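Okay, here's what each chain looks like letter by letter:
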Amino acid sequence: MGGIVLDCERNLRWLERLAGLLAEQAGPLTELDAAIGDADHGINMERGFNAVKERVLAQAAGKDLGTVLKQVGTTLVSTVGGAGGPLYGTFFLRMGQSADGKSELDARELRDALAAGVEGVRQRGRAQPGEKTMLDALVPALEALDAALAAGSDNRAAWEAAARAAEEGSRATVPMLARKGRASYLGERSIGHQDPGATSSALLIRSLAEVVG
Ligand SMILES: Nc1ncnc2c1ncn2[C@@H]1O[C@H](COP(=O)(O)OP(=O)(O)OP(=O)(O)O)[C@@H](O)[C@H]1O
Ligand SMILES: [Mg+2]
């Protein structure tokens, strides 16, 4: 458990990797949103993370982790739009507040920062797991991370378990009935499609798992 799992350099690598994955997956994410939403989720996320690259990552030298994460949050709020903007914005703002003033996080601190972000999404969207949202990837990821850390797994293995749980969680949204957001307007017709927000949240956890050490 000891040691640093996320420092400033790895944090930037995470965010750059996430921006890359979202750009690569913008088409498929938008297709998922076309089925149960308004066909903009991938486009929204790509636009937001392009702004993050230009306004935050390009000017992050010398800034602590908390500051960078909070700037990611405010940038997403102002550029993503839709439901995803405020929700992902809140996620990164809360994560940044949890890491306030820090340049290095140990396993517990990174876990707490993730938990703060997930709690922010839960409060902001007033959703719970099982309602076909981002939380169906984020909550299983946090639970798997906690279980692995409690079982004494090393950080890489614990985060790998979290990434897998997020991916499984996003796939498990397929048979769910949407109860929140635009997809909920479809009622029963939302069943049979994977939730776009849960899918992008799995990319978020996967890219973080790739950089922790
Ligand atoms: N209340 C909520 N809590 C958590 N996640 C939510 C909530 N409402 C929607 N979402 C997530 O947001 C995703 C849709 O994001 P997107 O960026 O496409 O916004 P949108 O639904 O098009 O927004 P708008 O309705 O304002 O146009 C969904 O797939 C879902 O995961
Ligand atoms: Mg949409």
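Residues numbered from 1 in each chain as written. Chains lettered and ligands numbered in written order. Predicted model: local features only at pLDDT ≥ 70, side-chain atom pairs only at ≥ 80, totals over all residues. Heavy atoms only, no water.

### Looking at the site of ligand 1
In the vicinity of ligand 1 there are 20 residues, among which Asp38, Ala83, Gly125, Arg182 and Asp195 approach most closely. Within the side chain of Asp38, one N or O atom sits 2.8 Å away from an oxygen atom of ligand 1. One nitrogen or oxygen atom from the side chain of Asp195 is found 2.5 Å from an oxygen atom belonging to ligand 1. Its free accessible area being 640 Å², ligand 1 has 86% of it covered by the protein chains. Placement of ligand 1 is best described as lying within the largest pocket. Breaking the shell around ligand 1 down by element, the ones donating at least two residues are helix 3 (41-55), helix 5 (84-98) and helix 9 (196-211). For the shell around ligand 1, the element with the most residues is helix 9, which contributes three residues. The residue makeup of the shell around ligand 1, split by class, is six nonpolar, eight polar and six charged. (Near = heavy atom within 4 Å. Polar contact = N/O pair within 3.5 Å; in protein donor to acceptor, adjacent residues only side chain to side chain. Areas by Shrake-Rupley, 256 points an atom, 1.4 Å probe, with all protein chains shown as cover. 1 Å grid on protein atoms, 1.4 Å probe; cavity = no way out; pocket = protein on both sides within 12 Å on 5 of 7 lines; lining within 4 Å. Sits in = over half its atoms within 2 Å of the grid points. Helix = DSSP H or I, 4+ residues; strand = E, 2+ residues; numbered from the N terminus. Nonpolar A, V, L, I, M, F, W, Y, C, P; charged D, E, K, R; others polar.)

### What to know about the layout of surface pockets
In this model, the largest pocket occupies a volume close to 580 Å³. As for the largest pocket, its lining consists of 27 residues, of which Ala83, Gly84, Leu87, Gly181 and Arg182 are closest to the centre. (Points joined across faces, edges and corners; volume = space filled by probe spheres on them.)

### What about helix 1 (residues 8-24)?
Helix length check: helix 1 (17 residues) gives 24 Å between terminal C-alpha atoms against 24 Å at 1.5 Å per residue, within 8%. Within the span of helix 1, buried status applies to Asn11, Trp14, Leu15, Leu18, Ala19, Leu21 and Leu22. Each buried residue of helix 1 lies within a common arc of 165° when the element is viewed along its axis, so the set occupies one face. Elements that come into contact with the buried residues of helix 1 comprise strand 1 (4-7), helix 2 (26-36), helix 3, helix 4 (65-79), helix 5 and helix 9. (Expected span 1.5 Å × (residues − 1). Buried < 20%, exposed > 50% of the residue type's maximum accessible area, 1.4 Å probe, protein only. Arc of directions from axis to C-beta. Contact = heavy atoms within 4.5 Å.)

### Looking at empty space enclosed by the protein
Evaluation of the coordinates by the stated rule reveals one cavity of 30 Å³ or more. One number sums up the size of the largest cavity: a volume of about 30 Å³. Lining the largest cavity we find Cys8, Asn11, Leu12, Ala60, Lys63, Asp64, Leu65 and Val68. Top contributing element to the lining of the largest cavity by residue count: helix 1, with three residues. Residue classes in the lining of the largest cavity are distributed as five nonpolar, one polar and two charged.

### Examining the coordination of the magnesium ion (ligand 2)
The magnesium ion (ligand 2) binds to the protein through Asp33 (OD), Asp38 (OD) and Asp40 (OD), with metal-donor distances spanning 2.0 to 2.2 Å. In primary sequence terms, the donor set of the magnesium ion (ligand 2) follows D-x4-D-x1-D. (Donors = N, O, S within 2.8 Å, 3.2 Å for Na, K, Ca; no water.)

### Thoughts on the nonpolar core
Counting residues in hydrophobic clusters, the biggest one holds 60 residues, and the most contacted among them are Trp14, Phe49, Phe91, Phe92, Trp159 and Ile205. If we ignore the near neighbours within four places in the chain, the residues touching Trp159 are Leu110, Leu114, Leu145, Ile205, Leu208, Ala209 and Val212. (Core = buried A, V, L, I, M, F, W, Y, C linked by side-chain atoms within 4.5 Å.)

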